[in-house]
Amino acid sequence: MNLLLITVILLLAMIATKISNKSGLPALLLFLVLGVLFSALGYDFNNYKISENIATIALMIIIFYGGFGTNWNMGRERARESIILASLGVLATALITGAFCHYVLKFDFLESMLLGSVVASTDYASVSNILVSKNLNLKYKTASLLEIESGSNDPTAYTMTMVFLSLLSGYSVSIPIIILQQVVLGIIGGFLLGFVFMKLIEKLSLDEDGLFSVFIATLMIGTYALTQSLGGNGFLALYVLGIYIGNHEFKKKRDVVFFFDGLSTIFQIAMFFLLGLLSDIHLIADALPIGFILAIFMLIIARPLSVFGLMAPFKMKKNQLTIISLAGLRGAAAIAFAIMVVNSGVSLSIDIFHIVFVICIFSLLIQGTALPFATKKVDMYDPDDTVLRTFNYYSDKTDIGFIKTHVTKISPWVNKKISDIELAFNVIIAKIERDHKSIVPRGNTYLRDGDILVLGGETYFDYTGEDLHEIKISETHPWAGKMVKDLHIRKDELIIMVQSPDGEIIVPRGNTLLKSGDRAIISRETNEIEDQLSKKSIKENFMSQEKELKEARQALLDLKNEIDKTIKLTESASRWGLFDLFADSGLVGLVKRGKIKDINSNL
């Protein structure tokens, strides 16, 4: 029943995503509402311990993958502003919100500061979801600024949450030492383990399907656990780790992208659905006024004060600061931290969980729907925005594929200009690598011996699902030690690729030598019409043979009848004394010698 319920939830979540794309409502808000509906229908779930574990894993994945997908070359120009907003901006938002709760709403001081800390960070998943789904290209590199800020500010909010939880628990702590320890160990841990990882992938062979992605996930979990155990900020370490390895190029990176794309989506759904499922409709109603007031206060006062104040030295434009302020959506981190507070066992006079719930709803509803409209209203939309990507990005995310080939001394392209080369297929020379340098190919660029050409074109997807046959060449295999041109293979077969034991891909030529341990991938010609004709021919041949067998059987039966008649005639002749006249002739001779009876019995 539980598995069936999960199936229904995921199907409804996919429908909610489609509704989000058409209506403009944030998808994460719909997941939240979905959880509330299930709670209202009587699905009682209040296990905050399990919820905290799921929320922590979800936050780990979201933060790591946020760093992994950050293009540092593009975001470097705005890194300073992003880091200031991710650290001092979160601190300012938390303190301003906490002060409002204490002095205006009359909450306890430490509880006010705890609530401000829980909701202080912006949500990467929500911001990224809106920017990508609405195709919002923002002027002045603002998208990169928001991407880095929202991806890296959760660790600051986490540190502040832990500090005020410790104070409410009665522990004597040194706030400066805790913050310094969390930040320093988090940054060092992320960089150090990222460096170790890059060295490991140079040494390890993880060619089995899916194994590399599992290795990345293991590294992610290990980085968080090790940093936390040393007293550092595990979430900060994960973000640094993600940026470090995400901005290096390595094989199997495509697998990691697809793996974490799906994984992060599932955990985002789980996160927001759990928040809705843990909620109580009556307690939501009680928290609605306070939550609404705080959401509006953070939108029009706390966030803008932090952004405009901290960005003043950078002389940024007013419309840019307005969009940055509006993009401060609350989401996954606030949910995770609220669940951690409930699980801490600290006695509070306020219902922090349901207040955070209401703040997230209004933040997603108001800011999420207003951001696309406001972007165009304040003239921040840039239809011609330039985005820096890598060759691997387009291989990972689109139907564009890149292959490499080498120019040799005997190549027909060597010492020729690109404009003189006739490319018979729909491909383009996208890049030339020469002496470890990249050259942009032009029509007047000459190709030289030793050049590596990167050819770009549309990738192929086989909708027919035809099989490729893989043969492993063992020491005793008849192909071992032979060149491709010397192999006796069928005319309808072609060796399209050879993979060496160390994973190297070899494009087979006539003089390619097959060695023990190689894998030969073979394509076989298939023709649907020929297959049908072949089947028809076999059927017709079978029917023809069956007809001939029937005719032969009938002939044998006719012969048996004639022999029976002959036997009767010879027996009659014998009785009349005529037998001896024909003793040695024809069938009578056979009867006399007893042969006819043998044949008759056999028939």
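Here the structure is shown first, and the text comes after it.
Position numbers for residues start from 1 in each chain and track the written sequence from start to end. The model is predicted, so local features are restricted to residues of pLDDT at least 70 and side-chain atom pairs to those at 80 or more, both for listing and for counting; the totals for chains, interfaces and linings are taken over all residues. Working from all heavy atoms in the structure, the side-chain values ignore hydrogens and water.

**Side note on the overall build of the protein chain**
We apply this condition: A helix here means a DSSP run of H or I that spans at least four residues, while a strand means a run of E at least two residues long, and both kinds are numbered starting from the N terminus. Buried means the residue's accessible area, taken with a 1.4 Å probe over protein chains only, is under 20% of the maximum for its type, while exposed means over 50%, and partly exposed covers the values in between. Accessible surface is estimated by sampling points in the Shrake-Rupley manner with a 1.4 Å probe; for residues, cover comes only from the protein chains shown.
When you go through the protein chain residue by residue, the secondary structure sums to 21 helices and eight strands. Across the 603 residues that make up the protein chain, the buried fraction comes to 42%. Approximately 33,600 Å² of the protein chain is accessible, and the part contributed by carbon and sulfur atoms is 60%.

**Some points on the pairing of strand 8 (residues 519-524)**
Defined as follows: Two strands pair if DSSP finds at least two bridges between them.
Examined bridge by bridge, strand 5 (residues 468-472) and strand 8 share five bridges and lie antiparallel to one another. Counterpart to Leu468 in the pairing with strand 8 is Ser523. Taken together, the six bridges between strand 6 (residues 493-499) and strand 8 define a ladder with antiparallel strand orientation. Looking at the pairing, Gln499 lines up with Arg519 of strand 8.

**Points about a negative patch on the surface**
For clarity, the cut-off: To count toward a patch, a residue needs a relative accessible area over 30% and no salt bridge; like charges are then connected within 9 Å, while nonpolar side chains (Val, Leu, Ile, Met, Phe, Trp, Tyr) are connected within 5 Å. We count a salt bridge whenever a side-chain nitrogen from Lys or Arg sits within 4 Å of a carboxyl oxygen from Asp or Glu. His residues and chain termini do not enter the charge count, which takes Lys and Arg as positive and Asp and Glu as negative. Every charge is mapped to an atom, namely NZ of Lys, CZ of Arg, CG of Asp or CD of Glu.
Side chains of Asp44, Asp280, Asp286 and Asp351 sit close together on the surface and give a patch of like negative charge. On the accessibility criterion, Asp286 (57% relative accessible area) is exposed.

**Description of unusual backbone geometry**
A positive phi is found at Asp379, a non-glycine position, where the angle reads about 60°. Take Asp379: it is sitting in the loop between helix 17 (352-377) and helix 18 (391-397). Positive phi, close to 65°, is recorded for Asn415, a residue that is not glycine. Here Asn415 is to be found in the loop between strand 1 (400-406) and strand 2 (428-434). What makes Asn415 partly exposed here is its relative accessible area of 48%.

**Some words on the pairing of strand 2**
Remark: a regular strand shows side chains that alternate across the two faces of the sheet. Of the strand pairs in this sheet, strand 2 and strand 3 (residues 437-439) are connected by three bridges, and their pairing is antiparallel. Paired with Ile432 across the bridge in strand 3 is Ile439. In this antiparallel pair of consecutive strands, strand 2 and strand 3, the connection spans two residues, and Asp435 shows a positive phi of 55°.

**Topic: the pattern of salt bridges**
Evaluated as defined, the whole model comprises four salt bridges. Here Lys139 makes a salt bridge to Asp379, at a shortest N to O gap of 3.2 Å. Highlighted residues: Lys139 in the loop between helix 7 (124-133) and helix 8 (142-152) and Asp379 in the loop between helix 17 and helix 18, separated in sequence by 240 residues. The class of Lys139 is buried, set by a relative accessible area of 18%.

**Describing the sheet that holds strand 6**
A sheet is described by the order of its strands in space; here four strands give the open sequence 5-8-6-7, paired in antiparallel fashion. Looking at which strands have only one partner, the edges of the open sheet turn out to be strand 5 and strand 7 (505-506).

**Examining the environment of Ser349**
Here is the rule: The definition of a polar contact used here is a pair of N or O atoms within 3.5 Å, where within protein one atom must be able to donate a hydrogen and the other to accept one, and adjacent residues in sequence count solely through side-chain atom pairs.
In this structure, Ser349 sits in the loop between helix 16 (332-344) and helix 17. With 238 residues separating them in the primary sequence, Ser349 and Glu111 have C-alpha atoms 8.1 Å apart. Of note is the side chain of Ser349, whose polar atom sits 2.6 Å from the side chain of Glu111.

**Considering the packing of aromatic side chains**
Under the convention used in this document: In this analysis, rings of Phe, Tyr and Trp, with Trp reduced to its six-membered ring, are considered paired at centre separations within 6.5 Å, and the interplanar angle assigns stacked below 30 degrees, edge-to-face beyond 60, and tilted for intermediate values.
All told, the structure shown has 14 aromatic pairs when counted by the stated rule. Arranged with centres 4.0 Å apart and planes meeting at 15°, the rings of Phe100 and Phe297 form a pair that is stacked. Of the two residues, Phe100 sits in helix 5 (residues 79-103) while Phe297 sits in helix 14 (residues 281-310), which places them 197 residues apart along the sequence. Comparing Phe100 with Phe297, the two get one shared label, buried. Aromatic pair Tyr224 and Phe235: ring centres 5.1 Å apart, planes at 50°, arrangement tilted. Of this pair, Tyr224 sits in helix 11 (residues 211-229) while Phe235 is found in helix 12 (residues 234-246), placing the two residues eleven residues apart along the sequence. Accessibility classification places Tyr224 together with Phe235 in one group, the buried group. An aromatic cluster is present here, built from Phe64, Tyr65, Phe68, Phe259 and Phe260 joined pairwise through their rings.

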